[in-house]
Amino acid sequence: MSMGEWLGDNGPRIVVTVVMAGETISTALNGPQAAVALYGALLAAGVWAWHGRYTFDRAVSGGHLAKLATWDLYIHHRTPPEDDDGLYTAMAQRMRQTDQHVRAFAAQHSLELISIALPTKREAFGDARSTRHGNRGHLWLGTRWFHPRHAHHLPAVREHELAHLRRRDTRKRLVAETTAVAAAALAAGLLTLPALALTALTAWLGIGAVHWWSELACDAAAVRACGRSPVAAMWSADLAEERTMPWPSRTRHTLRALHRHPPLRLRRWFARRAPLPLPDASHPLTITPGTMRAQATPEQ
């Protein structure tokens with residue numbers, strides 16, 4: 001990552017840190033200053049909100065270009081490679097099936113466009129993310145979910161990510177983060193250092209609660225669409241994979257993800273126990289495409 005890219009991604013954090021540090025020093029030296037606190041809060045919140053909207057717009061626009069370079073190569077390339085042993089064909093058929101259902105979802109919910117792309121980084125083969133900006137959305141779905149060994153998790157993954165788009169979770173999270181930034185900046189200009197620390201901690205926990213709520217709400221949407229067992233099985237598989245990691249890496253990964261995602265055991269318990277209506281029929285993506293071969297070689 002270049003210095004320019006680093007500054008672009010971390011610019012809002014730098015601005016907020018500088019504003020809060022300046023307000024804290026000013027408060028410590030001169031006492032509370034309402035005007036300084038108000039203008040500082042407006043500046044910090046404005047920068048954070050602008051950067052969030054810019055990031056979402058860039059993610060959706062860039063996602064459309066990534067779709068042309070990755071996803072479309074599979075779903076529009078009807079002739080498999082000469083050395084295809086069944087795996088390419090099976091994955092391409094799953095991707096075409098997914099593309100059809102995502103298009104239907106977009107039409108049902110009056111979305112202009114939902115693009116899908118494959119992450120190009122090797123470590124992101126199991127990625128699943130969604131972003132919405134205005135009337136457009138984008139999904140990153142790793143190749144893992146289309147491999148015959150893991151395709152049974154695809155319906156739950158898809159419903160979870162589409163629920164984020166339907167609920168406009170990217171916007172809700174940005175509003176929560178902007179509010180927290182404004183509150184912390186106000187506190188930096190009006191309160192003592194211990195009170196500022198308590199306010200900042202409360203804001204940080206509040207943002208985490210919003211993330212947890214949105215994740216569990218999307219898990220609930222997946223349960224309503226797919227049933228309890230498929231969603232719980234997806235989290236069980238993630239837990240089993242997590243146990244294979246060395247404990248330092250596992251601890252670091254858990255702590256890094258905990259602010260944005262509930263623990264996997266909680267999500268599995270929620271899928272199994274939450275009082276939710278269950279689907280009357282199987283999810284369409286559980287139906288194997290007619291030409292998919294029953295056997296495919298293991299993933300590389």
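Thresholds, definitions, all that
- Residues numbered from 1 in each chain as written.
- Predicted model: local features only at pLDDT ≥ 70, side-chain atom pairs only at ≥ 80, totals over all residues.
- Heavy atoms only, no water.
- Helix = DSSP H or I, 4+ residues; strand = E, 2+ residues; numbered from the N terminus.
- Buried < 20%, exposed > 50% of the residue type's maximum accessible area, 1.4 Å probe, protein only.
- Contact = heavy atoms within 4.5 Å.
- Patch = residues over 30% accessible without salt bridge, like charges linked within 9 Å, V, L, I, M, F, W, Y side chains within 5 Å.
- Areas by Shrake-Rupley, 256 points an atom, 1.4 Å probe, with all protein chains shown as cover.
- Salt bridge = Lys/Arg side-chain N within 4 Å of Asp/Glu carboxyl O.
- Axes fitted to C-alpha atoms, helices over the stretch in contact; angles between N-to-C directions.
- Parallel < 35°, antiparallel > 145°, perpendicular 65-115°, else oblique.
- Left-handed = near helix turned anticlockwise from the far one by under 90°.
- Nonpolar A, V, L, I, M, F, W, Y, C, P; charged D, E, K, R; others polar.
- pLDDT = per-residue confidence, 0-100.
- Arc of directions from axis to C-beta.
- Pairing = 2+ DSSP bridges.

1. Here we look at the overall build of the chain
Okay, so step 1: Helix and strand counts for the chain stand at 10 helices and 3 strands.
Okay, so step 2: The order of α-helices and β-strands along the chain, N terminus first, is α-α-α-α-β-β-β-α-α-α-α-α-α.
Okay, so step 3: Relative to its full complement of 300 residues, the chain shows a buried share of 44%.
Okay, so step 4: Within the chain, counting contacts between residues at least 6 apart in sequence, those at least 24 apart form 74% of the total.

2. What to know about a nonpolar patch on the surface
Okay, so step 1: Residues L38, Y39, L42, L186, L190 and L191 make up a contiguous nonpolar surface patch of roughly 570 Å² in combined accessible area.
Okay, so step 2: When residues of the nonpolar patch are assigned to their parent elements, the largest contribution, 3 residues, is made by helix α2 (residues 34–69).
Okay, so step 3: Taking the relative accessible area as the measure of exposure, Y39 reaches 60% and is therefore exposed.

3. Overview of the packing of helix α4 (residues 87–108) against helix α5 (residues 154–167)
Okay, so step 1: For the pair α4 and α5, the least separation of the axes is 12 Å and the interaxial angle reads 25°. Classified by the angle between their axes, α4 and α5 sit roughly parallel to one another. You can see that α4 and α5 cross each other, and the crossing is right-handed. Here T98, H101, V102 and F105 of α4 come into contact with α5, specifically with L154, R158, L162 and R166.
Okay, so step 2: Of the residues belonging to the contact of α4 with α5, the class tally is 4 nonpolar, 2 polar and 2 charged.

4. Let's talk about the confidence of the model for the chain
Okay, so step 1: In the predicted model, the chain carries a mean pLDDT of 87, and 90% of its residues have values of at least 70.
Okay, so step 2: Below pLDDT 50 for its whole length, residues 291–300 participates in 17 contacts with residues either more than four positions away or in separate chains.

5. Describing helix α10 (residues 264–273)
Okay, so step 1: When we look at burial in α10, the residues that qualify are L264, R267, R268, F270 and A271. The buried residues of α10 all sit within an arc of 160° when viewed along its axis, so they share a single face. In α10, the exposed residues that point more than 90 degrees away from the buried face are R265, W269 and R273.
Okay, so step 2: Looking at the buried positions of α10, the neighbouring elements they touch are α5, α7 (193–226) and α8 (228–243).

6. Some remarks on the sheet that holds strand β2 (residues 128–133)
Each strand in a sheet pairs with another by means of backbone hydrogen bonds, the pair being arranged parallel or else antiparallel.
Okay, so step 1: Taking strand neighbours across the sheet as the criterion, the 3 strands line up as β1-β3-β2 in an open arrangement whose pairing is mixed. Looking along the sheet, the strands with just one partner apiece sit at the ends: β1 (113–117) and β2. Put simply, the sheet's adjacent strands are angled 15° from each other on average, direction ignored.
Okay, so step 2: Relative to strand β3 (residues 136–141), β2 runs antiparallel, the two being bridged by 6 bridges. Paired with R132 across the two strands is G137, which belongs to β3.
Okay, so step 3: Across the face of the sheet, α5 comes into contact with β1, β2 and β3 while running at roughly 20° to β2.

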